[in-house]
Amino acid sequence: NMDNLKVLDISYNRLSDIRGLGTNLIALEKLDLSHNEIIRIDDTTLEGMTSLKILDLSYNYFTMFDDVSFLDLYELQSLDLSGNDLSEFGITGGFESLESLNLCNNRISNIGSFARLLRLRSLDLSGNRLVQIQSDTFSRKQQNLDYVNFSKNLITRIDRNTFAEASVNHLDLSNNKLTVLERFGLLQVQRYHLQGNRISNISSDALYRLDSISDID
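A brief look at the structure comes next. (Residues numbered from 1 in each chain as written. Predicted model: local features only at pLDDT ≥ 70, side-chain atom pairs only at ≥ 80, totals over all residues. Heavy atoms only, no water.)

**So, the nonpolar core**
Step number 1: Counting residues in each nonpolar core, the largest one holds 56 residues, and the members touching the most others are Leu55, Phe70, Leu79, Phe89, Phe150 and Tyr192.
Step number 2: Those residues in contact with Phe150 that lie beyond four places of it in its chain are Ile111, Leu125, Ser126, Leu130, Ile133, Phe138, Ile155, Phe163, Asp172, Leu173 and Asn176. (Core = buried A, V, L, I, M, F, W, Y, C linked by side-chain atoms within 4.5 Å. Buried < 20%, exposed > 50% of the residue type's maximum accessible area, 1.4 Å probe, protein only. Contact = heavy atoms within 4.5 Å.)

Now the structure itself:
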């Protein structure tokens, strides 16, 4: 009987099949499955883990992300999927409480919109294969968003006003392939990393209304 278990760490093993893991883990708040050999999460894996706040699935063998399998995680605040083999990522439902999302060091070339994640504070997509960031990626309703990292991708284009006046304080676009710096819809950014790109043209309004900025490199 593990009804009262709050933390479960089974990282650094050789787990591949974890179907039905959530049975009787109704009080679990932190689950660490990092550094295993897990390929997928099915509908039964996390079922019933309604108290879970922190989920670490980093450094496994995930190639696909199915948000339907995570719908029971009403309280989830932190999700780490770094170091997997994901080629795309999108969220269509759930995750209302999510504050931190780590997707670094995958193979992601296509992302959906994060605009519905109104509590999101930190988003890390560094070390992927993104080429473009589209204008519907964020929303002006995201007033908790503090840290966004798109460094070490293949980004050549970011649509104007992509950040849609979301409250991004720290934005890292370093080590991409940007050639033009435009107005991306930033208002509150304080730290802005642009080094390691191919910028040869800066639009006249690229830094418009960036009154809070303290560090550009």
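**Concerning the sheet that holds strand β2 (residues 30–32)**
Sheets are built from strands that pair by backbone hydrogen bonding, the pairs being arranged parallel or antiparallel.
Step number 1: If you trace the 10 strands from one edge of the open sheet to the other, you get β1-β2-β3-β4-β6-β8-β10-β12-β14-β16, paired in parallel fashion. Sheet topology places β1 (7–9) and β16 (215–216) at the edges, where each strand pairs with a single neighbour.
Step number 2: Note: strand β3 (residues 54–56) against strand β4 (residues 78–80), three bridges, orientation parallel. Bridged to Asp56 within β4 is Asp80. (Pairing = 2+ DSSP bridges. Helix = DSSP H or I, 4+ residues; strand = E, 2+ residues; numbered from the N terminus.)

**Remarks on the side chain of Ser139**
Step number 1: Topologically, Ser139 is positioned in the loop between β9 (132–133) and β10 (147–149).
Step number 2: Engagement of the side chain of Ser139 in a polar contact is seen with the backbone nitrogen of Lys141, the distance being 3.0 Å.
Step number 3: Once residues lying within four places of it in the same chain are set aside, the contact partners of Ser139 are Ala115, Ala164 and Ala166. (Polar contact = N/O pair within 3.5 Å; in protein donor to acceptor, adjacent residues only side chain to side chain.)

Fair warning: the whole summary comes from geometry, so function is off the table for now.
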